[in-house]
Protein chains: 2
Amino acid sequence: MPLDDDTARTRLLDTAEDLFYARGVQSVGMDEIRGGSGVSLKRLYALYPAKEQLVEAYLGRRDLRWRGSLAAFVAAVDNPRDRVLAVFDWLGDWFREPGFRGCAWVNGYGELGATSAVVARLAREHKRAFAGQLAELVSAAGLPDALAPQLFLLAEGAMVSAAVLDDPGQADHARAAAAALVAAS
Amino acid sequence: MPLDDDTARTRLLDTAEDLFYARGVQSVGMDEIRGGSGVSLKRLYALYPAKEQLVEAYLGRRDLRWRGSLAAFVAAVDNPRDRVLAVFDWLGDWFREPGFRGCAWVNGYGELGATSAVVARLAREHKRAFAGQLAELVSAAGLPDALAPQLFLLAEGAMVSAAVLDDPGQADHARAAAAALVAAS
DNA sequence: GGTACCGGAGAACGCACGTTCTCACTCGGA
DNA sequence: TCCGAGTGAGAACGTGCGTTCTCCGGTACC
């Protein structure tokens, strides 16, 4: 039974996401993605004619999933002010997941931002979208707009340092700082 | 006149730093470093027997220079409390330098952290050292110890978002947040 | 039953690059 | 002057990998 395009795409993106996130883009060969997904090279190149397009699809799908997961988590919190802080609880949960290795877009920017305009753009767009999510939460909580970019920096700092220092507890520092900023505003 | 080892090393590290920082490690070939430095491949491999050792030397020298530059900048500020905030002024100056492309260790972690234990360790050590510098400034200003990791997150967030968003103004948000945290403590 | 297409497996190609080797040259010392 | 150790230029080697090509078995349709 031949694989239809949709499931082939899903399997490819699942494998690509696992491998690219865990090891970086350049150290994962197309052949390894073929092996992991069970999709033939011919099919792979029919669906994604170049590696960069597979990377683009991987980051695009992950962006939807990542922001959707965050949105669902904070939506479950009642108090609008608590929703702002819940962002950092969500980060802490994420940092503790096995295989956590930082932000896929920051890692991608570090690896390919200088050589791939596509990756640089996707990273910028993802960060802008995340900053927008925070701005909405801040606004809905009746907090001053100026708070949002500050919370954004705390979240970014937490992601990067949780990864580099291999310390999920960075989320707690970020949460404490965010609470102090909220209280002071 | 043959090049003595010290100047050969310096030229190699200068070239390596320019290229590795600007484009990432993997997209710069040893031959390009030879060309840029004017040091022959044979000499290059005599001084650094493998690319990873050149990367290690590059990151090591940059660490000393980076932290030294920060320390010198804040040391020139009189008031101990202003010294803490001066960190963010220094970051802003750095972000505005041409060729700024984020934190070399974060970029290196994203690119090679999963495949090179050396790079992962150097990134961790550098971040720990930077966090230590902040902790000393906070302590010298008579501020509570708990503030230091929070300022660290703001600084990390500023570096990452200034790079990815291509917006040096992120330093201002970080400075404002830092001032609020200092004031609230 | 034949035949023309489709998809999969994987070999092949071309190139880039880390590392090593060759070879001719220089220069200090007997 | 001769010799040999060290140096630089760059060719060569081996490997990995992105991409394409070949071949073959199956399957749908006449």
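What counts and what doesn't
Residue positions are given per chain, counting from 1 as you read along its sequence in written order. Going through the entries in the order they are written, you letter the chains from A and number the ligands from 1. Whole-chain, interface and lining totals are the exception, using all residues; otherwise, since this is a predicted model, local features are given only for residues with pLDDT of at least 70 and side-chain atom pairs are given and counted only at 80 or more. Hydrogens and water are ignored here; the side-chain numbers use all heavy atoms of the structure. Counting from the N terminus, the helices are the DSSP runs of H or I reaching at least four residues and the strands are the DSSP runs of E reaching at least two. Think of it in three bands: with a 1.4 Å probe and only protein chains considered, a residue is buried below 20% of the maximum accessible area for its type, exposed above 50%, and partly exposed in between. In this analysis, two residues are considered to be in contact whenever any of their non-hydrogen atoms come within 4.5 Å of each other. Each accessible area is a Shrake-Rupley result for a 1.4 Å probe, and residues are judged covered by the shown protein chains and nothing else. Counted charges follow a simple rule, with Lys and Arg positive, Asp and Glu negative, and His plus the chain ends left uncounted. For this purpose, a charge sits on NZ of Lys, CZ of Arg, CG of Asp or CD of Glu. The start and end points of each domain follow an automatic or database-based domain assignment. Note on definitions: buried area is the accessible-area loss of two parts on being combined, 1.4 Å probe, summed for both. Just to be clear on terms, a salt bridge is a Lys or Arg side-chain nitrogen sitting within 4 Å of an Asp or Glu carboxyl oxygen. Within 3.5 Å is the distance limit for a polar contact, defined as a pair of N or O atoms, with the added protein rule that one can donate a hydrogen and the other accept it, and that residues adjacent in sequence qualify only through two side-chain atoms. Each residue gets one label: Ala, Val, Leu, Ile, Met, Phe, Trp, Tyr, Cys and Pro are nonpolar, Asp, Glu, Lys and Arg are charged, and the others, such as Gly, are polar. Proximity is defined per residue: any heavy atom of the residue falling within 4 Å of a molecule or strand makes that residue near it.

The name an unreviewed UniProt entry gives chain A is TetR family transcriptional regulator, with Umezawaea tangerina as the organism.

### Details of the overall build of chain A
Secondary structure summary: chain A contains nine helices and zero strands in total. Going from the N terminus to the C terminus, chain A shows its helices and strands as α-α-α-α-α-α-α-α-α. Reported as C-alpha extents along the three principal axes, the dimensions of chain A are approximately 60 × 30 × 30 Å. A burial count over chain A gives 51% of its 185 residues as buried. Counting only contacts in chain A whose residues sit at least 6 apart along the sequence, the fraction spanning at least 24 positions is 68%. Here chain A displays about 7800 Å² of accessible surface, and carbon together with sulfur accounts for 53% of that area. The positive charge centre, built from 20 side chains, and the negative charge centre, built from 24, are 4 Å apart in chain A.

### Details of the domain arrangement of chain A
All names here are of chain A. By the assigned domains, chain A splits into domain 1 (1–49) and domain 2 (52–184). On the domain 2 side, the residues contacting the 18 residues of domain 1 number 16 residues. A buried area of about 1500 Å², summed over both sides, lies between domain 1 and domain 2, and 61% of it is on carbon and sulfur atoms. Sorting the residues of domain 1 by area buried against domain 2 places L13, E17 and Y21 first, and these three jointly supply 47% of that buried surface.

### Here's the deal with the interface of chain A and chain B
Listed as interface residues are 38 residues of chain A and, on the opposing side, 38 residues of chain B. Summing both partners gives a buried area of about 3300 Å² for chain A against chain B, and 71% of it is carried by carbon and sulfur. When the area that chain A buries against chain B is broken down by residue, the three leading residues are Y109, L153 and V164 of chain A, summing to 21%. Inspection of the chain A/chain B interface yields zero salt bridges. Joining chain A to chain B, the criterion identifies two residue pairs in polar contact (both at pLDDT 80 or more). Of all the secondary-structure elements, those providing two or more residues to the side of chain A that touches chain B are α1 (5–23), α6 (104–112), α7 (117–140), α8 (147–164) and α9 (170–184) of chain A. Its residues placed into classes, the side of chain A that touches chain B shows 20 nonpolar, eleven polar and seven charged.

### With respect to the protein's contact with DNA strand C
Surrounding DNA strand C, one finds S40, K42 and R43 of chain A together with V28, G29, M30, L41, K42, Y45, A50 and K51 of chain B. In the interface set of DNA strand C, defined as its atoms within 4 Å of the protein, sugar plus phosphate atoms amount to 54%. Within the side chain of K42 of chain A, one N or O atom sits 2.7 Å away from a base oxygen of DNA strand C. Counting residues per element, the ones that place at least two in the surface near DNA strand C are α3 (41–47) of chain A together with α3 (41–47) of chain B. Broken down by element, the surface near DNA strand C gets its largest block of residues, three residues, from α3 of chain B. Looking at the surface near DNA strand C residue by residue, the classes come out as five nonpolar, two polar and four charged.

### Some details on the protein's contact with DNA strand D
The environment of DNA strand D is formed by V28, G29, M30, L41, K42, Y45, A50 and K51 of chain A together with S40, K42 and R43 of chain B. For DNA strand D, a phosphate oxygen lies 2.6 Å from a polar atom in the side chain of K51 of chain A. Sorting the residues of the surface near DNA strand D by element identifies α3 of chain A together with α3 of chain B as the ones contributing at least two each. Counting residues per element, the surface near DNA strand D draws most heavily on α3 of chain A, at three residues. In terms of residue class, the surface near DNA strand D is built from five nonpolar, two polar and four charged.

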